[in-house]
Each structure stands twice: as structure tokens, then as C-alpha cells.
Amino acid sequence: MAGRPVYHDPLDAIADIPDGAVIMTGGFAGRGVPVQLILALRERGVKGITLITNDTSGGWGGRVDASCLIETKQVKKVIASWPVPASTAVITPLEQQLLAGELELEVVPQGTLAERIRAAGAGIGAFYTPTGVGTPFAQGKDVRTINGIEQILEYSLAADYALVHAHKADAYGNLVYRRTARNFNPPMATAATVTIAEVDEVVPAGSLDPEGIVTPGIYVHRLVVKKG
């Protein structure tokens, strides 16, 4: 297996992402977010993005998340579990654009979102789940009774690009995560045509404990060494 290209400037790593791309960004509650890749997308001004992410609530504790791409009106559609903060004290850019008809929003229960992404990585086109039965999440979806339980049909979610964050990578792109960064990053890495991993460090091939590798390098196409 050939080594993966290593970039030290995130702008170079995302230089070919076109307008209109479907992009996944990892992270959960501000942890494991590929911050520098997201900021590079913002700087490049990529527009018309369909954004698949867990959280666009505006950052936790001042941390950057993918909501910064919404602020600059680079996103046309958001698929997320936590689109806005719980507080109603501030109307976010997402809400403003949604009310103005400038942005489309699909809210997905968190477990269903994770499974839709995982299914795409496993080559599964769709699956049935009881989550959302009898709620607005079931509207317009096929409902079947399986083993005596009503379940709704959910389709897998794939992307053109997945931007993920990991602690370490080796030269072949095998990824090791640290603590809660092992959230949406591993399934997203498997569900995209091109996966770009922002990592704290790239180490020589063979130096990672095989038991600690969560994402095999076969899913990873580019590595970006995090600055600072």
C-alpha cells in the first residue's frame, strides 16, 4: 500500500473541493472537530455545500465548528442532529437563513445519523429503525412492522469528501483517535469518496499499535498535520 500524501497547509489539502460538494465534518460537542480544514474551506470560499455533521450549534466553549461555514453563506443544505443551541436568546445564522428560504435543513436523530453514515461505509443502501416512529421524523417514509415492531426506512448517507480529526496517523494513513474524538470521525472516514484527516502527528509506518488503529489507511486519502 502506498504512503498517503502529507500536507502542512490545509488549504493545499482541500484545494480541489468544488462548489456544490457534499462534505462530512467530524466532531461531537466541540471535540474531534477538524478545525483547520473547516477554516480552510471558509477561507477558500467553497459554496453550495451540502453539510453532513452532528453539530452546527455554533461551537462549544468558543470552539470552532462547521457553523462558521453557515455564517458566510457557503452552505445550501445542512443534515445534522444538533442544528442550533438550546437557548432561544440568540437567533443563529442557520435560523435566519432557514426562515429566509436560503438554506435547507434536515434534522436527524443522532443515532440514526450515525447509522446512516455507517451504513454508507458498509455498502448498505438503507435500513429500518424504530427510532422516530409516530413522530414527524416518520412523515413521508415507508413504515413496516418487523418482528412486531413498527420501523421506518432510512437511507444511507455518503459524501464526496469527509473531513475528520485524529490524534495520530502513520505514513499509510492508519488513524488513532484520542478520547472523545472517536465520535463521528471513524464512520465518516469510511463513507466518503475522499477522506482528508487532520492529525496532530504523522509517525513512521509500523510504529502504531495495530490494536489501537480505529480507521484503516485504506479509507484515508490525504493527511494534514495540524498547526500549533
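One pass over the structure, following the stated rule, counts 10 salt bridges. Of the charged contacts in the structure, one is a salt bridge between E106 and R116, with a shortest N-O distance of 3.0 Å. Here the residue E106 occupies a position in strand β5 (residues 104-107), and R116 occupies one in helix α5 (residues 110-121), the gap between them amounting to 10 residues. The partly exposed category is assigned to E106, whose relative accessible area is 24%. Residue classification places R116 among the buried positions, given a relative accessible area of 7%. We note a salt bridge from R144 to D142, for which the minimum N-O separation is 3.0 Å.

To continue, consider α5. Taking 1.5 Å of rise per residue, 12 residues should cover 16 Å, and α5 covers 17 Å from first to last C-alpha, within 8% of that figure. Along α5, the residues that are buried comprise T112, L113, R116, I117, A119 and A120. Each buried residue of α5 sits inside an arc of 160° when the element is viewed along its axis, so together they form one side.

One recurring pattern in soluble globular proteins is that nonpolar side chains are buried together. Ranked by internal contacts, the top residues of the largest apolar core, which has 27 residues, are I14, I17, I23, L41, V75, L163 and I196. Here the element with the most residues in this core is helix α2 (residues 35-44); it accounts for 4 residues. Residue contacts for L41: discarding those within four places in its chain leaves I14, I17, I23, V46, L69, Q74 and L163. Core analysis: the next-biggest nonpolar cluster, separate from the first, contains 24 residues, I52, L113, A159 and V199 among them.

Strand order in the open sheet formed by 3 strands is β6-β8-β7, and the pairing between neighbours is antiparallel. The open sheet has two edge strands, β6 (126-129) and β7 (143-146), and neither has a second partner. Averaged over all neighbouring strand pairs, the angle between strand axes comes to 40°, with direction disregarded. By the bridge criterion, 4 bridges tie β7 to strand β8 (residues 149-155) in an arrangement that is antiparallel. Paired with I146 across the strands is I149, a residue of β8.

To continue, consider unusual backbone geometry. In terms of backbone geometry, most residues other than glycine have negative phi values and most peptide bonds are trans. Of note in this structure, K73 is not a glycine but carries a positive phi near 60°. Relative to the helices and strands, K73 resides in the loop between α3 (67-71) and β4 (75-80). Phi is positive for R179, close to 55°, though the residue is something other than glycine. Within the element layout of this structure, R179 appears in the loop between β10 (175-176) and α6 (185-190). By relative accessible area, which is 69% here, R179 ends up exposed.

To continue, consider the pairing of strand β12 (residues 222-225). Because side chains alternate across β12, one face comprises the buried residues R222 and V224, and the other comprises L223 and V225, equally buried. As paired elements, strand β1 (residues 6-7) and β12 share 2 bridges and run parallel to each other. When the bridges of β12 are listed, Y7 appears paired with V224.

Looking now at the side chain of D170. By the element assignment, D170 lies in strand β9 (residues 159-170). No salt bridge forms around the buried D170; measuring N to O, its nearest opposite-charge neighbour R4 is 8.2 Å away. Only 2.9 Å separates the side chain of D170 from the backbone nitrogen of Y172, close enough to count as a polar contact. Only 2.9 Å separates the side chain of D170 from the side chain of N174, close enough to count as a polar contact. Not counting residues up to four positions away in its chain, the partners in contact with D170 are V202, V203, P204, A205, G206, L208 and L223.

What counts, and at which threshold
Within each chain, residue numbers correspond to sequence positions counted from 1 in written order. Thresholds applied to this predicted model are a pLDDT of at least 70 for local features of residues and 80 or more for the giving and counting of side-chain atom pairs; totals over whole chains, interfaces and linings are not thresholded and use all residues. Where side-chain values are given, they derive from all heavy atoms of the structure, hydrogens and water being excluded. When a carboxyl oxygen of Asp or Glu lies within 4 Å of a side-chain nitrogen of Lys or Arg, that pair is called a salt bridge. Counting from the N terminus, the helices are the DSSP runs of H or I reaching at least four residues and the strands are the DSSP runs of E reaching at least two. Exposure categories follow from relative accessible area, calculated using a 1.4 Å probe and restricted to protein chains: below 20% of the type maximum is buried, above 50% is exposed, and the middle band is partly exposed. One less than the residue count of a helix, multiplied by 1.5 Å, gives the span that helix is expected to have. Here the arc refers to the set of directions running from the helix axis out to each C-beta atom. As used here, the term nonpolar core means buried Ala, Val, Leu, Ile, Met, Phe, Trp, Tyr and Cys residues forming a set that is joined through side-chain atoms within 4.5 Å. Contacts were defined at the residue level, with two residues in contact if any of their heavy atoms lie within 4.5 Å. Each pair of strands is called paired provided DSSP finds at least two bridges between the two strands. Interaxial angle, 0 to 180 degrees, is taken between N-to-C directions of lines fitted to C-alpha atoms, where a helix line uses only the stretch in contact. Only four residue types enter the charge count, namely Lys and Arg as positive and Asp and Glu as negative; His and the chain termini do not. We define a polar contact as two N or O atoms separated by no more than 3.5 Å, with the added condition that, inside protein, one atom must be a possible hydrogen donor and the other a possible acceptor, whereas residues neighbouring each other in sequence contribute only through side-chain atom pairs.

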